[in-house]
Amino acid sequence: MKKILPLLISTVLSIQAQPQVIDAIAIDVEGEPITTLEIQAVQQKLQMSKQAAVETLIKDRLEKSAIKKAEIIIAPEEIQAKINAIASSKGLTQAKMQTLLAQKGLTWENYITQLTTEMKKERFFQQVILSTIERPSDTELEEYYNAHKAEFSNAPKQMSLVAYTSNTSAALQQAISNPMKPIAGVNKKNILAASNEMSPELLNLIENTPANSFTKPVNTGKGFVAYFVKSKGSGQSGFSAVKNAVVARWIQEQRVQAGKDFLNKLKSNANIRVIRL
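Thresholds, definitions, all that
- Residues numbered from 1 in each chain as written.
- Predicted model: local features only at pLDDT ≥ 70, side-chain atom pairs only at ≥ 80, totals over all residues.
- Heavy atoms only, no water.
- Helix = DSSP H or I, 4+ residues; strand = E, 2+ residues; numbered from the N terminus.
- Rg over C-alpha atoms; globule rule 2.2 N^0.38 Å.
- Buried < 20%, exposed > 50% of the residue type's maximum accessible area, 1.4 Å probe, protein only.
- Contact = heavy atoms within 4.5 Å.
- Areas by Shrake-Rupley, 256 points an atom, 1.4 Å probe, with all protein chains shown as cover.
- Lys, Arg positive; Asp, Glu negative; His and termini not counted.
- Charge placed at Lys NZ, Arg CZ, Asp CG, Glu CD.
- Pairing = 2+ DSSP bridges.
- Axes fitted to C-alpha atoms, helices over the stretch in contact; angles between N-to-C directions.
- Core = buried A, V, L, I, M, F, W, Y, C linked by side-chain atoms within 4.5 Å.
- Patch = residues over 30% accessible without salt bridge, like charges linked within 9 Å, V, L, I, M, F, W, Y side chains within 5 Å.
- Salt bridge = Lys/Arg side-chain N within 4 Å of Asp/Glu carboxyl O.

> Can you walk me through the overall build of the protein chain in this structure?
Scanning the protein chain from terminus to terminus reveals 10 helices and eight strands. For 277 residues, the compact-globule estimate of 2.2 N^0.38 gives 19 Å, and the protein chain exceeds it by more than 25% at 26 Å. In terms of its C-alpha atoms, the protein chain occupies a principal-axis envelope of roughly 80 × 50 × 35 Å. Here the protein chain holds 277 residues, and 35% of them are scored as buried. Restricting to contacts in the protein chain with at least 6 residues of sequence separation, those with at least 24 account for 69%. Surface exposure of the protein chain reaches about 17,000 Å², of which carbon and sulfur atoms provide 51%. Distance between charge centres in the protein chain, computed from 34 positive and 25 negative side chains, equals 7 Å.

Shown next as structure tokens:
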């Protein structure tokens, strides 16, 4: 439930009714109607059963009602920052985004409304639901690890490296030969990275380099780099070696369960009236 309801649902609900189909209120959720056309639209667009579509729409109405009561507010500058981030991640300008959305039949105003709703849901989730999750103790985490060992057999390892970079191969070779001596034109940077964040080529290079030694220099096309391998996480085993991965998995499961529990609580206390299906 990290994203409580994706923008796709809002897009589906904005589909115009077919002229020949008669729309009618099918369900009333806390005074908010769900129409027969909305149910049909969600069914068709998301390729799900009628019951699944009904549950999805009830969930949508319950969340909107809870967010409204919580008085979640998203400032205009936050919305603009989100738009900028989305556009940047896709390599688009805002103008290009507007053009592409228009081609899909979605106006910029409707997109902003949907994005704002989604941001409110995420803020609500962070403030109201995630706050109920307590960080586990090391004992709880180790018990979780022992119960799911197979899932962590290929967990990422933390690599501790020092990157030596230079514009010339000669300067880099000089730094490798004298690692404690400052060499003009050579920069050093400490790096702590997970093995799953590395390219296959870099990971293979590190894995084949003994600890406390340098990798061979690599031509990046913009200069040269060599890595001093301080550690590869191989000094630890079992729970200690994958603790960060265990924490991440545990938290993700708790997020999902907390979302389900909160929704079930909303549903059990809500006034939901089925008129026709």
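Anyway, onward from the coordinates.
> Hey, could you run me through unusual backbone geometry in this one?
Leaving glycine out, the prevailing phi sign among residues is negative, and the prevailing peptide bond configuration is trans. Phi at glutamine 47 is positive, roughly 50 degrees, even though this residue is not glycine. Among the secondary structure elements, glutamine 47 is positioned in the loop between helix 2 (36–46) and helix 3 (50–70). With phi around 55 degrees, glutamate 71 is a residue other than glycine that occupies positive phi space. Summarising the element assignment, glutamate 71 is placed in the loop between helix 3 and helix 4 (76–89).

> Explain the sheet that holds strand 2 (residues 32–35) here, please?
Strand pairing in a sheet relies on backbone hydrogen bonds, with the paired strands running either antiparallel or parallel. With antiparallel pairing, the three strands of this open sheet are ordered in space as 2-1-8. On the outer flanks of this sheet lie strand 2 and strand 8 (272–274), each paired with one strand and no other. In this sheet, neighbouring strand axes are inclined to one another by 20 degrees on average, regardless of whether the strands run parallel or antiparallel. Alignment of strand 1 (residues 25–29) against strand 2, held across four bridges, turns out to be antiparallel. Residue pairing in the sheet places aspartate 28 in a bridge with proline 33 of strand 2.

> When you look at the nonpolar core in this model, what are you seeing that I'm missing?
One broad trend across soluble globular proteins is that nonpolar side chains are buried collectively. Counting residues in hydrophobic clusters, the biggest one holds 20 residues, and the most contacted among them are Ile79, Ile83, Met97, Trp108, Tyr111, Leu115 and Phe124. Of all the secondary-structure elements, those providing two or more residues to this core are helix 3, helix 4, helix 5 (94–103) and helix 6 (108–129). Ranked by the residues each element gives to this core, the list is headed by helix 6, at seven residues. Of all hydrophobic cores here, the second largest spans 13 residues; its members include Ala26, Ile34, Val54 and Ile58.

> What exactly am I supposed to notice about the environment of proline 136 here?
Along the polypeptide, proline 136 turns up in the loop between helix 6 and helix 7 (138–147). When neighbours within four sequence positions are excluded, proline 136 is seen to be in contact with Leu141 and Trp250.

> Just to check I follow, could you spell out the side chain of threonine 209 for this structure?
Locating threonine 209 in the fold gives a position in the loop between helix 9 (200–207) and strand 5 (213–214). Look at threonine 209 and you get buried, because its relative accessible area is 6%.

> Quick question: what am I supposed to make of a negative patch on the surface here?
The grouping of Glu134, Glu140, Glu142 and Glu143 at the surface amounts to a negative patch. Turning to its location among the elements, glutamate 134 is positioned in the loop between helix 6 and helix 7. Of the residues examined, glutamate 134 reaches a relative accessible area of 66% and is grouped as exposed.

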